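# Residue-level structural notes
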Amino acid sequence: MNNPLPSATIKRSRWPGLIWAVPVAALAIVAWLALRSYMEQGPTVTVQFPTMGGIKANHTVVKYRGVTVGHVTAVKLSKSLGEISVSMRFDNYMAHHLGKGTRYWVAGEKVSFSDLSSLKSIIAGPYIGIDPHSGPTRHHVIGLDEEPVLKSESKGITLILHAPEKGNISRGAPILFRGEQVGEIRGETLQKNGEGFDIYAFIPETNQHLVNARSRFWSSGNIAVSLFGEHPGVHIPAIPALISGAISFSTPKAGSSVDNNAQFPLYASAAAAKNAPVENAVAYQMRLPGGPQGLKTGAAVMLEGARVGSVTAVHMFFDTRRQALLTDIDIKINPEAIPLQGGQAWDMAHPSAQMNGILRHLIAQGLRAQLGSTVPMLGSRVIDLSLVPGAKATRLLPGQPPIIPMVHEAGIQNSVRQLNGILTKIHALPLQKIAANLDQLSQNLATVSSSPQTRETLQHVQQTMAHLDALTRTANQQLPAILKSLKGASQEAHAALQSGNALLHSQGSAANAPESTTLPRALYELSRTAQSLRELTDYLNSHPNALIFGKRP
């Protein structure tokens with residue numbers, strides 16, 4: 001008998017199968033990631049901007065000093081279609097830096113040649129800029145139309161530069177010290193009265209020691225043309241400075257420190273900044289008959305050829321009492337430009353008394369002010385303080401400020417008048433008649449030179465010169481022999497002359513040796529014969545009958 005098999009009993013487990021472990025683990029991971037993302041999410045802020053394109057959700061980022069700190073999550077157009085509402089989510093570390101005063105703006109929509117990295121905004125599009133402030137997050141904010149001029153900088157100072165013209169200076173332009181960039185321009189605004197611009201210059205704390213109260217700033221991003229002076233020529237700045245502008249400055253050693261928002265004038269050039277009057281410059285005035293004749297504010301004041309100050313104002317007016325046109329000129333003289341020696345020094349706090357004393361002595365010696373030029377008849381106008389020989393006696397006139405006597409007949413003006421007189425006399429000459437005579441003379445010369453007689457004469461002259469040349473060559477060849485013969489003949493003549501002189505001399509042989517039968521003896525006998533003939537002639541003159549009767553005893 002076969003034993004029956006036991007029946008199987010099915011028991012269900014309380015735990016699901018292992019296959020369910022995979023979706024459970026995935027669900028757990030997703031939940032953990034969602035919780036972590038929620039925990040790490042930063043604050044959200046909604047900002048209203050004027051309508052502008054280029055801002056896209058999940059594409060446009062939020063940047064602070066070039067670092068991405070958030071991104072745009074949504075962009076909505078308002079019902080009035082006049083503005084957009086931009087929702088932004090920030091990283092969690094920005095939670096305590098979005099308080100009251102935080103400013104937002106759209107940046108990167110314009111290309112700045114001072115910052116070439118902005119070129120990538122053409123492809124990447126604009127971004128949201130932020131100027132954070134500490135405090136609880138403000139979730140609804142009104143954004144700015146453009147980037148603010150002044151931002152919250154933790155380290156550094158902002159200087160306000162006043163300029164009558166903005167020129168090519170733009171935001172982001174470099175600030176240079178001896179050619180090295182030490183800061184940048186953060187913006188510019190038109191003054192409320194419309195008379196100029198305020199340019200905001202930021203200097204980081206690391207370079208703040210380069211600026212003091214006596215610093216001078218000037219625009220250095222322009223093309224400068226100089227025909228005269230120490231460095232004539234055309235001076236072209238670097239291409240970025242030429243496009244976006246640049247500002248340079250110099251700083252004397254003696255000067256107090258400056259505070260934030262300190263104000264400085266911005267000069268048009270380095271020369272204008274260098275020659276601008278200092279704070280303790282002494283003011284004077286003078287009056288010029290007629291108009292300014294090209295004299296402008298900022299022109300140099302020269303003392304015997306050395307620059308000592310600048311012209312601060314030029315005002316032309318018509319005097320109704322005198323019925324004459326006059327020009328008032330204001331100048332300032334820098335005490336530092338005239339060093340003192342002999343144990344004295346300038347009182348820099350109040351130098352006017354010393355300066356007035358110096359000018360009184362110089363004016364008594366003939367110092368006068370006159371209108372001059374850096375280069376005669378070509379250069380710019382200057383005020384020239386120089387000694388004028390034979391000047392009438394005068395003094396430093398009282399006034400507020402004191403008045404320096406001025407002459408207007410000396411110097412270059414008189415030279416110009418004399419030159420004009422000479423040109424007038426030259427113009428009065430019959431130049432056309434003289435030119436016609438010269439033309440006729442040249443024609444006559446041309447006719448004579450082309451005539452057959454002239455050519456025949458020139459040929460004869462040429463033949464004569466050829467004969468003379470041949471004669472000269474022949475004489476050069478025979479001249480040594482001729483000179484040698486002449487030399488021998490002269491020696492023989494000299495010997496004969498010496499011999500004759502010895503014979504004919506009173507102390508020679510004819511006188512000392514009458515018995516000689518040579519030439520001396522002949523001369524002696526000839527002398528005795530001549531004596532006898534004289535005696536015979538005298539006797540016949542006395543006894544003519546002696547020729548008949550003979551000589552009587």
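In the block above lies the structure referred to throughout.
Heads up: these notes are all about the structure in this document. Remember, predicted model here, so these are calculated numbers, not experimental data.

### Brief notes about the environment of Q48
Examined against the element boundaries, Q48 turns out to sit in strand β1 (residues 41-50). Placed 30 residues apart in sequence, Q48 and S78 show a C-alpha to C-alpha distance of 9.1 Å. Look past the residues within four positions of Q48 in its chain and what remains in contact with it is E83, I84, V141, I142 and G143.

### A closer look at the pattern of salt bridges
Taken as a whole and assessed by the stated rule, the structure comprises five salt bridges. The residue E184 makes a salt bridge to R186 at a minimum N-O spacing of 2.6 Å. The exposure class of R186 is buried, given its relative accessible area of 12%. For the salt bridge of R214 with E336, the shortest nitrogen-to-oxygen distance reads 3.6 Å. Taken as a pair, R214 in the loop between β11 (197-203) and β12 (216-219) and E336 in the loop between β20 (324-333) and α5 (352-364) lie far apart in primary sequence, 122 residues in all.

### Regarding the sheet that holds strand β15 (residues 247-250)
Around the barrel, which closes on itself, the seven strands sit in the order β8-β11-β10-β9-β15-β12-β16 with mixed pairing between neighbours. For this sheet the average axis-to-axis angle between neighbouring strands, irrespective of direction, equals 35°. Inspection of the sheet shows strand β9 (residues 174-177) paired to β15 by two bridges, in the parallel sense. In the strand pairing of β15, I175 is matched with I247.

### A look at the side chain of N212
Secondary-structure assignment places N212 in the loop between β11 and β12. Reaching out from N212, the side chain makes a polar contact with the backbone nitrogen of R214 at a distance of 2.8 Å. If sequence neighbours within four positions are ignored, N212 has contacts with T251, P252, K253, A254, G255, S256, V258 and F264.

### Comments concerning the pairing of strand β18 (residues 300-303)
Remember that side chains alternate between the two faces of the sheet whenever the strand is regular. Across the two faces of β18 the burial is the same, with A300 and M302 and V301 and L303 all buried. In this structure, β18 lies alongside strand β19 (residues 306-319), joined through four bridges in antiparallel fashion. Note on β19: the bridge partner recorded for M302 is R307. Hairpin connection, β18 to β19: the antiparallel pair is bridged by two residues, and E304 has positive phi, about 50°. Inspection of the sheet shows β18 paired to strand β22 (residues 381-387) by three bridges, in the parallel sense. Residue pairing across strands places L303 opposite L385, the latter belonging to β22.

### With respect to the sheet that holds strand β2 (residues 61-64)
Read across the sheet, seven strands follow the order β5-β6-β2-β3-β4-β1-β7 without closing on themselves; strand pairing throughout is mixed. Two strands in the sheet have a free side with no partner beyond their single neighbour: β5 (103-107) and β7 (140-142). Each strand axis lies, on average, 35° off the axis of its neighbour in the sheet, ignoring direction. As defined by bridge partners, strand β3 (residues 67-77) adjoins strand β4 (residues 83-91) across seven bridges and the pair is classed as antiparallel. By the bridge assignment for β4, K76 is matched with S85.

### Thoughts on the nonpolar core
Counting 26 residues, the largest nonpolar core has Y284, I329, I331, I333, I383, L385 and I404 as the members making the most contacts within it. Elements supplying a minimum of two residues to this core: β17 (282-289), β18, β19, β20, α5, β21 (367-373) and β22. Here this core takes four residues from β17, the largest share from any one element. In contact with I404, other than residues within four places in its own chain, are Y284, Q285, M286, I331, L359, A369, L385 and L396. Counting residues in hydrophobic clusters, the runner-up holds 22 residues, among them I157, L159, I199 and I203.

Thresholds applied
- Residues take numbers from 1 onward in each chain, read along the sequence in its written order.
- pLDDT decides what is reported in this predicted model: residues at 70 or higher carry local features, side-chain atom pairs at 80 or more are listed and counted, and totals for whole chains, interfaces and linings draw on all residues regardless.
- Note that the side-chain values use all heavy atoms of the structure and ignore hydrogens as well as water.
- Only DSSP runs of H or I reaching four residues or more are called helices, and only runs of E reaching two or more are called strands; each is numbered from the N terminus.
- In this description, contact between two residues means that some pair of their heavy atoms is separated by no more than 4.5 Å.
- A pair is scored as a salt bridge if a Lys or Arg side-chain nitrogen falls within 4 Å of a carboxyl oxygen belonging to Asp or Glu.
- We call a residue buried when its accessible area falls under 20% of the maximum for its residue type, exposed when it is over 50%, and partly exposed in between, using a 1.4 Å probe and counting protein chains only.
- By the convention used here, strands pair only if DSSP detects at least 2 bridges between them.
- Angles here are taken between N-to-C directions and fall from 0 to 180 degrees, while the axes themselves are lines fitted to C-alpha atoms, restricted in helices to the stretch in contact.
- Polar contact is defined as a pair of N or O atoms within 3.5 Å, subject to the rule that within protein one atom must be able to donate a hydrogen and the other to accept it, and that residues adjacent in sequence are counted only when both atoms are side-chain atoms.
- Residues belong to a common nonpolar core when they are buried Ala, Val, Leu, Ile, Met, Phe, Trp, Tyr or Cys residues joined through side-chain atoms within 4.5 Å.

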